[in-house]
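Commentary on secondary and tertiary structure
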Amino acid sequence: MGQEIRDISDNIRLTVEDGRILSLKTHRITRSVEEHIQQAIELILDKVTYPTLVPTIYTIVKELSINACKANQKRIFFEEKGYDIENPIQYKKGVSEYKQLFSESMAEEYGNKSKKKGYFCLITFDYSMDGIRVEVTNNTPVTIEEEKSLREKLEKGMQYGDIAQFYLDNADNTEGAGLGLALILIMLKGEGIDPSFFRIIIRKDVTIARLEVPLSSNFKSVRDQDFSRA
């Protein structure tokens, strides 16, 4: 059958090979996008005979995809408001306004704007019997303020081994930006997966969130090939 490109909707493009999804490109997260992510993960984990990991991997990839789309949409919001995203004071003001205004209709509107501007979220799937690799890429750069926030959330996640305790300690801030990153690390620990197999790679024009799941001692991580700021 070979590789083919499928335009599922105006918002979803799949690259498929021999019936398996190699990548999914989108501009906003919709129910259909979520279903395609889940389908890809279920098929992969069925092939490698680890179906019990489906809920964890799906939750993580969905969270990363939402983050990627929001990062693109936030960039457009700043452009429209005329805020300098590199200015810490204007960044804080812009993020506060963005959070207050954000809604489902806004996600759709800014998803369409992202597409017109060429911003995207690309989810790629790679696997063998030795392990799984999923990467979520968005093509907007990360600011120094955003990088600082990412590091803080990842450090927080490393301090916890229990989701319940995390929620108790962060009850007043569960909607805070990036807290999902801390939860990702906690979920991986809960599955016995070394959280160092989750990485955020920050490059000049793209941000890549990578999750690797080793399934055998033969798995080769690509971590050592990274040149990243995070």
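Refer to the structure printed above.
The present account deals with the structure reproduced in this document.

Thresholds, definitions, all that
- Residues numbered from 1 in each chain as written.
- Predicted model: local features only at pLDDT ≥ 70, side-chain atom pairs only at ≥ 80, totals over all residues.
- Heavy atoms only, no water.
- Helix = DSSP H or I, 4+ residues; strand = E, 2+ residues; numbered from the N terminus.
- Polar contact = N/O pair within 3.5 Å; in protein donor to acceptor, adjacent residues only side chain to side chain.
- Contact = heavy atoms within 4.5 Å.
- Buried < 20%, exposed > 50% of the residue type's maximum accessible area, 1.4 Å probe, protein only.
- Pairing = 2+ DSSP bridges.
- Salt bridge = Lys/Arg side-chain N within 4 Å of Asp/Glu carboxyl O.
- Disulfide = S-S within 2.5 Å.

Some remarks on the side chain of Glu146
Tracing the chain through its elements places Glu146 in helix 5 (residues 144–158). For Glu146, the side chain forms a polar contact with the side chain of Lys74, separated by 2.9 Å. Residues contacting Glu146, with those up to four places away along its chain left out, are Lys74, Arg75, Ile85, Tyr91 and Pro141.

Thoughts on the pairing of strand 3 (residues 20–26)
Most of strand 3 is tucked away, with five of its seven residues classed as buried. Across six bridges, the pairing between strand 2 (residues 12–17) and strand 3 is antiparallel. Bridge pairing in strand 3 links Glu17 to Arg20. Counting the residues that bridge the hairpin from strand 2 to strand 3 gives two residues, and of these Asp18 lies at a positive phi of roughly 50 degrees. As judged from the four bridges shared by strand 3 and strand 4 (residues 121–128), these two strands associate in the antiparallel manner. Considered in strand 4, the bridge of Lys25 is made with Leu122.

Quick look at the pattern of salt bridges
What the rule picks out here adds up to 16 salt bridges. One salt bridge in this structure joins Asp7 and Arg13, with 2.7 Å as the shortest N-O distance. Using a relative accessible area of 51% as the deciding quantity, one classes Asp7 as exposed. With a shortest N-O distance of 3.9 Å, Arg75 and Glu146 are connected by a salt bridge. Taken together, the residues span a long stretch of sequence, with Arg75 in helix 2 (residues 54–81) and Glu146 in helix 5 at a distance of 71 residues. A single burial state applies to Arg75 and to Glu146, both of which are buried. The network of salt bridges with shared partners includes Arg31, Glu34, Glu35 and Lys62.

Notes on the state of the cysteines
Within the structure shown, the criterion is met by zero disulfides. The thiol of Cys69 is unpaired, and the distance to the nearest cysteine sulfur, on Cys121, comes to 4.4 Å. According to the relative accessible area criterion, Cys121 is buried, its value standing at 0%.

Examining the environment of Thr30
Note on placement: Thr30 falls in the loop between strand 3 and helix 1 (31–47). Distance in space between the C-alpha atoms of Thr30 and Pro88 is 31 Å, their sequence separation being 58 residues.

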